[in-house]
Structures are given as C-alpha cells and as structure tokens.
Amino acid sequence: MTLTISPARLRDLNALRKMEKVVFSEDAWPVIDLMAALFIPGGIHYKAEIDGNIVGFISAENNLFENVTWVTTVGVIPEYRNQGVGCSLMKAVEDVVTHPMIKLCVRKSNSGAIHLYEKLGYHTQNTRRKYYSDGEDAFVMAKTKPVMVVPPPDL
Ligand SMILES: CC(C)(COP(=O)(O)OP(=O)(O)OC[C@H]1O[C@@H](n2cnc3c(N)ncnc32)[C@H](O)[C@@H]1OP(=O)(O)O)[C@@H](O)C(=O)NCCC(=O)NCCS
C-alpha cells in the first residue's frame with residue numbers, strides 16, 4: 001500500500017466529487033463549489049492516493065485580510081481512515097502555508113476530527129453558533145505556525 005500526496009487538479013474533479021459524496025453525503029460541496037475551489041488562484045488543494053485511487057482530499061485558502069489560511073475541507077473515505085491519511089493531508093497544507101496562522105471550522109460533535117486537529121497542535125478558539133445548515137454549532141480551531149527566526153550575521 002503506497003500513499004501519495006500531490007496537488008489536486010481540475011482533471012481530478014469527477015473523482016473528487018465521488019469521494020466527497022462518500023465522505024460528506026448531504027454536506028458534500030456542490031460541484032460548482034468544488035470546481036471554484038480548484039480554480040481559485042492561490043488555493044491549496046491536495047489529494048491522497050493509495051495505489052492510484054483517490055482516498056482523501058484537502059482544500060485550503062488564504063485570507064489576506066485576516067493573515068490566516070483556512071482549511072475549508074478535509075476528508076478521507078471510511079475504508080482508509082485511522083491510517084494517517086488525514087494527518088498527512090493536514091501536514092502537506094501546513095508545509096506550504098505562508099500565513100502565521102491556520103484555522104478551520106469543525107462540527108462540535110465531530111470528535112474524530114477534533115482529536116486529529118488537537119494531536120496536530122490546533123486549539124479551540126471560539127464557537128460559531130448554528131454554523132451548519134442543520135443548526136449544529138462549529139468550533140473554530142487554530143494553530144500558530146512557528147516563525148523561523150534567522151539570526152543576524154556575525155559582524
Ligand atoms: C477527520 C478525518 C479527515 C481524519 O482522517 P484519518 O485519515 O482517519 O486521520 P488519521 O488516520 O491521520 O488519524 C489521526 C488521528 O485521529 C484519530 N481519528 C481519526 N478519525 C477518528 C474518528 N472518527 N474517531 C476517533 N479518532 C479518530 C486517529 O485514531 C488518529 O489518532 P491516534 O493516532 O491518536 O490514534 C476522517 O475521519 C474523515 O474524513 N472524517 C469525515 C469527514 C470529516 O469529518 N472531515 C473533517 C471536517 S472538519
């Protein structure tokens with residue numbers, strides 16, 4: 001079993017749409033949103049493939065006004081969960097983020113995802129009441145990227 005993480009492209013749209021439906025069912029992004037996400041300049045999108053099949057996807061976008069990168073979706077198909085795929089997708093995004101902070105929204109009841117984010121160093125910042133269409137609240141979770149301090153050259 002070989003896991004590959006690589007940038008997702010528009011040509012992956014059909015496979016990603018099928019995967020999203022399996023992962024999120026009624027919460028899956030409409031195809032137009034998925035297409036728009038893949039088009040947005042500066043957006044960050046990675047797919048996870050195992051033996052050539054897409055098993056996971058992550059999308060993130062930069063908010064220049066907030067100086068924050070928001071992870072907008074992350075999902076792994078059920079058969080491949082708890083094997084490190086979600087963690088690898090999160091780390092792929094974190095590796096390329098240039099903003100000092102990464103944020104995401106998660107359903108209050110989604111203890112599996114919350115466990116993953118906490119393990120990766122995210123903490124709950126606040127709650128958005130009735131954020132989801134069914135009325136469930138969201139936790140906003142955030143992680144500060146460590147800043148690389150370059151020492152001044154010896155004079
Ligand atoms: C959340 C999700 C992306 C995690 O993907 P994954 O590939 O299973 O994550 P990993 O294998 O890297 O797991 C990392 C940790 O989270 C834990 N974990 C992941 N899903 C879990 C679950 N449903 N319940 C309990 N723990 C879970 C793993 O056990 C692991 O912790 P451990 O190393 O301490 O055992 C995946 O469960 C998923 O697609 N869920 C449905 C969609 C979703 O909720 N997305 C997030 C929206 S905010």
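Refer to the preceding data block for the structure.
Residues numbered from 1 in each chain as written. Predicted model: local features only at pLDDT ≥ 70, side-chain atom pairs only at ≥ 80, totals over all residues. Heavy atoms only, no water.

### Brief notes about the packing of helix 1 (residues 13-24) against helix 2 (residues 31-39)
Packing of helix 1 against helix 2 leaves a shortest axis separation of 11 Å and a crossing angle of 130 degrees. Taken together, the axes of helix 1 and helix 2 are oblique relative to one another. The element helix 1 and its partner helix 2 pack so that their crossing is right-handed. The segment helix 1 lies against helix 2, with Leu13, Leu16, Arg17 and Glu20 engaging Val31, Leu34, Met35 and Leu38. Class assignment for the residues of the contact of helix 1 with helix 2 results in six nonpolar, no polar and two charged. (Axes fitted to C-alpha atoms, helices over the stretch in contact; angles between N-to-C directions. Helix = DSSP H or I, 4+ residues; strand = E, 2+ residues; numbered from the N terminus. Parallel < 35°, antiparallel > 145°, perpendicular 65-115°, else oblique. Left-handed = near helix turned anticlockwise from the far one by under 90°. Contact = heavy atoms within 4.5 Å. Nonpolar A, V, L, I, M, F, W, Y, C, P; charged D, E, K, R; others polar.)

### Quick notes on the layout of surface pockets
Each pocket or cavity is described by its volume, and for the largest pocket that value is around 1200 Å³. Every residue lining the largest pocket is counted, 36 residues in all, and those nearest its centre are Phe24, Val74, Asn110, Ala113 and Tyr117. Of all elements in the fold, only helix 1, strand 4 (68-76), helix 3 (85-96), strand 5 (101-107) and helix 4 (111-119) reach the threshold of two or more residues within the lining of the largest pocket. Among the elements that line the lining of the largest pocket, the one with the most residues is strand 4, at seven residues. Taken together, the residues of the lining of the largest pocket sort by class into 18 nonpolar, eleven polar and seven charged. (1 Å grid on protein atoms, 1.4 Å probe; cavity = no way out; pocket = protein on both sides within 12 Å on 5 of 7 lines; lining within 4 Å. Points joined across faces, edges and corners; volume = space filled by probe spheres on them.)

The quantities given are spatial measurements derived from coordinates; they are silent on function.
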